Amino acid sequence: MDPQNLEYINKLLDRDAKLREKIKDQVTEFDKKTRTLSGMLNKIHSTPTDQLPGLLESVQPTLDSCRETTAALAALIPPDQFWRWKDMWSTSLRNAVFAAALIDFLRTGKLLTLPQASEVLGIQQEWQDRFALSTEDYLHALISLVNELSRLAVNAVTMGDYEQPIRISIFVKDLFAGFSMLNLRNDTLRRRYDSLKYDIKKIEEVVYDVSLRKLAPSTSDKDLGAN
């Protein structure tokens, strides 16, 4: 092989190796932040409903700090190389979106949309060829959200909140209905979607027990059956 060609290839390999290390450093920082978010949000399972706003407020600065990391990653990635490097930060990004979606649901009872999630994490439209929130990563985060809400439905009853499981049931059924209309081609995503049936069954059992015991008398039959 031509020595000049070898030298050129070696330079490319060295450049990629240095870039990978820089990306890895930022992803490590991203992981730290998402682990902190997860640990703080885990407290929702042992926090009375009337104290949740204060807990969520304490979590917000950590979520906001993720903007610094997404900006740093976007600055590192060369133009048109998003798909080449995205697997390095995909898990961290999903966890951050999950945290943002959970906080938004607990505050508003609504679903955080993909554009809203991008905005929360400071992901700008002009970064699309370098750093973006892909549809698959967003959907993975929503499945994690359902997993967490099925757990919260059980723990909310333990904390004496008998209406939260019903709110969760209505929200999750609506979300599941939306998933059922998607053409999921990713095998991992499709398998995780199929597992949602177990979460829904778990939530329905909690709602049934609450309604049977008449622990949430303010809830109408219509609400119980809503999707």
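Quick notes on the rules
- Residues numbered from 1 in each chain as written.
- Predicted model: local features only at pLDDT ≥ 70, side-chain atom pairs only at ≥ 80, totals over all residues.
- Heavy atoms only, no water.
- Domains from an automatic or database assignment.
- Contact = heavy atoms within 4.5 Å.
- Buried area = accessible area lost by both parts, 1.4 Å probe.
- Salt bridge = Lys/Arg side-chain N within 4 Å of Asp/Glu carboxyl O.
- Polar contact = N/O pair within 3.5 Å; in protein donor to acceptor, adjacent residues only side chain to side chain.
- Phe/Tyr/Trp six-rings, centres within 6.5 Å; stacked < 30°, edge-to-face > 60°.
- Helix = DSSP H or I, 4+ residues; strand = E, 2+ residues; numbered from the N terminus.
- Buried < 20%, exposed > 50% of the residue type's maximum accessible area, 1.4 Å probe, protein only.

*Asks:* Got a minute to help me understand the domain arrangement of the protein chain in this structure?
*Replies:* How big an interface is tends to be reported as the loss of accessible area on association of its parts. Along its sequence, the protein chain is carved into domain 1 (1–133) and domain 2 (135–215). With 24 residues of domain 1 in contact, the opposing surface of domain 2 contributes 20 residues. Of the roughly 2000 Å² buried where domain 1 meets domain 2, counting both sides, 69% is carbon and sulfur surface. When residues of domain 1 are sorted by the area they lose upon contact with domain 2, His45, Arg94 and Phe105 head the list and together hold 34% of the total. Our count for the contact surface shared by domain 1 and domain 2 stands at two salt bridges. With a closest N to O distance of 3.5 Å, Asp137 and Lys86 form a salt bridge. Remark: the boundary between domain 1 and domain 2 carries nine residue pairs in polar contact (both at pLDDT 80 or more).

*Asks:* I keep staring at the packing of aromatic side chains and nothing clicks. Help me out?
*Replies:* The description of an aromatic ring pair rests on the distance of the ring centres and on the angle between the ring planes. All chains considered together, the criterion is met by six aromatic pairs. Between Phe179 and Tyr193 the ring centres are 5.9 Å apart and the planes differ by 20 degrees, which places this aromatic pair in the stacked class. Here the residue Phe179 occupies a position in helix 7 (residues 164–180), and Tyr193 occupies one in helix 8 (residues 187–212), the gap between them amounting to 14 residues. Residue Phe179 is classed as buried on the basis of its relative accessible area, which comes to 2%. Grouping aromatic residues by their ring pairs yields a cluster made of Phe82, Trp83, Trp89 and Phe131.

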